[in-house]
Amino acid sequence: METTTKLIFGQTLSFKGNPFVEGVDAVQHHRHGAVLIENGRISWVGPAENAKPPANAETHQFGEKLVMAGFVDAHLHYPQTAMIASWGKRLIEWLNTYTFPEEIRFKDPQYADLIAKRYFDLAIGHGTTSMCSYATIHPESVEAFFAEAKRRGIRAYTGKTCMDRNAPDGLRDTAQSAYDDSKALAKKWHGVDRLGYVITPRFSPTSSPEQLEALGALWAEMPDCLMQTHISEQVEEVAWVRELFPDARDYLDTYEKHGLLGAKGIYGHAIHLTEREKARALETGAGLAHCPTSNTFIGSGIFDLKGLSAAGQRVGLATDIGGGSSFSMLHTMAAAYEVGQLNGTVLHPAELLWLATCGSAKLLHAQDQIGNLAEGMEADLIVLDLASTPVIAQRHAEADTIWEAIFPTIMMGDDRAISNVFIAGKLAPKPVG
Ligand code: GUN
Ligand code: ZN
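Residues numbered from 1 in each chain as written. Chains lettered and ligands numbered in written order. Predicted model: local features only at pLDDT ≥ 70, side-chain atom pairs only at ≥ 80, totals over all residues. Heavy atoms only, no water.

K.L.:
Honestly, the environment of Arg-152 in this entry has me stumped. Any pointers?
P.N.:
You can see Arg-152 is positioned in helix α4 (residues 139-152). For the pair Arg-152 and Gly-259, spaced 107 residues apart in sequence, the C-alpha to C-alpha distance is 34 Å. Excluding residues that lie within four positions of it along the chain, Arg-152 makes contacts with Lys-117, Phe-120, Asp-121, Ile-124 and Ile-423. A distance of 2.9 Å separates a polar atom in the side chain of Arg-152 from a polar atom in the side chain of Asp-121. (Helix = DSSP H or I, 4+ residues; strand = E, 2+ residues; numbered from the N terminus. Contact = heavy atoms within 4.5 Å. Polar contact = N/O pair within 3.5 Å; in protein donor to acceptor, adjacent residues only side chain to side chain.)

K.L.:
Can you help me understand the site of ligand 1 in this one?
P.N.:
Contacts to ligand 1 come from 13 residues, most closely from His-77, Gln-80, Arg-202, Glu-233 and Asp-320. A distance of 2.9 Å separates an oxygen atom of ligand 1 from a polar side-chain atom of Gln-80. Between ligand 1 and the protein, one listed contact pairs a nitrogen atom with a side-chain N or O atom of Glu-233 at 2.7 Å. About the coverage of ligand 1: the protein hides 100% of its 280 Å² of free accessible area. In this structure the site holding ligand 1 corresponds to the largest cavity. The biggest single contributor to the shell around ligand 1 is helix α2 (residues 91-104), with three residues. (Near = heavy atom within 4 Å. Areas by Shrake-Rupley, 256 points an atom, 1.4 Å probe, with all protein chains shown as cover. 1 Å grid on protein atoms, 1.4 Å probe; cavity = no way out; pocket = protein on both sides within 12 Å on 5 of 7 lines; lining within 4 Å. Sits in = over half its atoms within 2 Å of the grid points.)

K.L.:
Is there a simple way to explain the coordination of the zinc ion (ligand 2) in this structure?
P.N.:
When a metal holds four donors in a tetrahedron, each ideal angle between them is 109.5 degrees; when it holds six in an octahedron, the ideal angles are 90 or 180 degrees. Donor atoms from the polypeptide that bind the zinc ion (ligand 2) are His-75 (NE2), His-77 (NE2), His-230 (NE2) and Asp-320 (OD), placed at 2.0 to 2.4 Å. Every donor counted, the four donor atoms about the zinc ion (ligand 2) form angles of 89 to 160° at the centre, which fits irregular coordination. In this structure His-230 comes out as buried when scored by relative accessible area, which is 6%. Assessed through its relative accessible area of 3%, Asp-320 is described here as buried. (Donors = N, O, S within 2.8 Å, 3.2 Å for Na, K, Ca; no water. Tetrahedral: all angles 85-135°; square planar, octahedral: opposite > 155°, others 65-115°. Buried < 20%, exposed > 50% of the residue type's maximum accessible area, 1.4 Å probe, protein only.)

K.L.:
Where do I start with helix α6 (residues 209-221) in this structure?
P.N.:
An α-helical segment advances 3.6 residues per turn. Residues three or four places apart therefore align on the same side. Given a rise of 1.5 Å per residue, 13 residues ought to cover 18 Å, and the 18 Å separating the end C-alpha atoms of α6 matches this to within 8%. When we look at burial in α6, the residues that qualify are Gln-211, Leu-212, Ala-214, Leu-215, Gly-216, Leu-218 and Trp-219. Where α6 is buried, its residues touch β8 (161-162), α5 (175-189), β9 (195-201), β10 (226-231), α8 (251-256) and β11 (265-269). (Expected span 1.5 Å × (residues − 1).)

K.L.:
Is there a simple way to think about the nonpolar core in this case?
P.N.:
Among soluble globular proteins, nonpolar side chains are generally buried collectively. With 103 residues, the main nonpolar core has Tyr-78 and Tyr-119 as its most contacted residues. For this core, the element with the highest residue contribution is helix α3 (residues 109-125), accounting for eight residues. Those residues in contact with Tyr-78 that sit more than four places away from it in its chain are Phe-106, Ala-112, Ile-115, Ala-116, Tyr-119, Ser-133, Tyr-134, Ala-135, Ser-141, Ala-144 and Phe-145. Counting 15 residues, the second largest nonpolar core, distinct from the first, contains Ala-74, Tyr-157, Cys-291 and Ala-361. (Core = buried A, V, L, I, M, F, W, Y, C linked by side-chain atoms within 4.5 Å.)

K.L.:
How do you make sense of the pairing of strand β3 (residues 41-47) when you look at a structure like this?
P.N.:
Side-chain positions along a regular strand alternate between the two faces of the sheet. Here strand β2 (residues 27-38) runs beside β3; their pairing, made up of six bridges, is antiparallel. Across the sheet, Ala-34 pairs through a bridge with Gly-46, a residue of β3. (Pairing = 2+ DSSP bridges.)

K.L.:
Sorry, what's going on with the sheet that holds strand β16 (residues 426-427) here?
P.N.:
The strands that make up a sheet pair up through hydrogen bonds in the backbone, lying either parallel or antiparallel. Pairing in this open sheet of seven strands is mixed, and the strands run β3-β2-β1-β4-β14-β15-β16 from one edge to the other. For this open sheet the edge positions go to β3 and β16, each flanked by a neighbour on one side alone. Across four bridges, the pairing between strand β4 (residues 58-69) and strand β14 (residues 381-384) is antiparallel. Opposite Met-68, over in β14, you have Ile-382 as the bridge partner. Across the sheet, helix α15 (residues 402-412) lies against β1 (6-15), β2 and β4, angled at about 95° from β1, the strand it touches most. (Axes fitted to C-alpha atoms, helices over the stretch in contact; angles between N-to-C directions.)

K.L.:
Sorry, what's going on with the side chain of Ser-419 here?
P.N.:
Within the secondary structure, Ser-419 is located in strand β15 (residues 418-423). For Ser-419, a relative accessible area of 11% gives the class buried. In contact with Ser-419, other than residues within four places in its own chain, are Lys-65, Val-383, Asp-385 and Lys-430.

K.L.:
Please clarify how the environment of His-75 should be interpreted in this entry.
P.N.:
For His-75, the location among the structural elements is in strand β5 (residues 71-77). Between the C-alpha atom of His-75 and that of Cys-291, which follows or precedes it by 216 residues, the distance is 7.8 Å. When residues no more than four places from it in sequence are discounted, the contact partners of His-75 are Cys-132, Tyr-134, Thr-229, His-230, Gly-268, His-269, Ala-289, Cys-291, Ala-318, Thr-319 and Asp-320. Polar side-chain contacts of His-75 include one of 3.2 Å to the side chain of His-230.

K.L.:
Even after reading the chapter, I still don't get unusual backbone geometry, so can you show me in this structure?
P.N.:
Negative phi characterises most residues that are not glycine, and trans characterises most peptide bonds. Going from Ile-321 to Gly-322, the amide bond is cis rather than trans, its omega being -5°. Position of Gly-322 relative to the elements: it lies in the loop between β13 (314-317) and α12 (329-342). In this model, Ala-85 sits at a positive phi of 65°, which is unusual for a non-glycine residue. If you trace the backbone, Ala-85 turns up in the loop between β5 and α2. In this structure, Asp-193 takes a positive phi of about 45° despite not being glycine. Note on placement: Asp-193 falls in the loop between α5 and β9.

In short, geometric facts, not functional conclusions.
Right, dumping it as structure tokens:
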């Protein structure tokens, strides 16, 4: 816990509501703003002239830079860090060719530690301060992730990825071992510091009905945990699920039948949902993770973000590393914008920023802790340079409004736009190398 009191000056951006519902009125922007941080939490946000710095406050001046909540990545696979940008395959072949051979390596705890460290360096360097990651089938991969997150004081979520079929030797567990290992890891890590355990059946094609049943039973025993899986990412995958589960009404039903559908569930991709699945997801409050760079990179399809949001579905934003092609949530917002355009819809920058912070935090049921620059929240902050490269700077110079000032960074920004990162009120060191 950081005990230093800090007063941070810059432009500030907070959400008072949801811009998908209230438009830009949901946003509070101070051109000259200030944020007070005490004991690792935000204790005040407002116009700089109203700031009352306590005598012991450490002051940080960020001038024209934009201070906002750190990004929250609602779905990714940290073990796929080293195989990001693998060429030329669609989902199932991509998994078999690139992903599974890489994930087998996480049996070695030293390799898991190495990649966990690399992942957190990259994520933080790109302004991501909380994340919900898959691990691999190996408990070692969960240990490595949580140990590293704990060391850095990060709010982070993961779970052992469970698969007992349609995966290679060395990358299968069983229904019983998935239950036992997941339970032991959840008991050890869930609620420690800022860490949360996520029950993680990879997706219906790689879990037998018995394994789904066992993990559904575990979720019923530990309902405080999140649950994450994939759904309806590619048409070939949906057809395969239909063959594997002939008695299920549809893909979502393969989860519901086994106790794996609920408001604490995060369902990645959700592109090819039927009307029944959409209605059922809405009824149960299931969370949908939009992974736009992955959906274009692997050729999965167009997620109907505007339509689903307007219908009241809970949606967050995610990189889906390494199916996704960038660690940057800015880049991911840009991809969401472009996919929206292909779908005949236009996303406002306020909606994009909300998705990458509050929206994802809500998916993690952590909206009272993270995802907004507001009193009482944990002080995970980023400082954005809105003129971080020559091309962005020259466009930014022409901006008349805050949205015109921010949009070039959303569309063209990357880790160079992330000037500083505060985690629980503490300035994160710049990653080296
Ligand atoms: N479906 C099942 N596993 C995966 C994965 O690792 N990445 C993506 N994009 N989809 C999946
Ligand atoms: Zn995924």
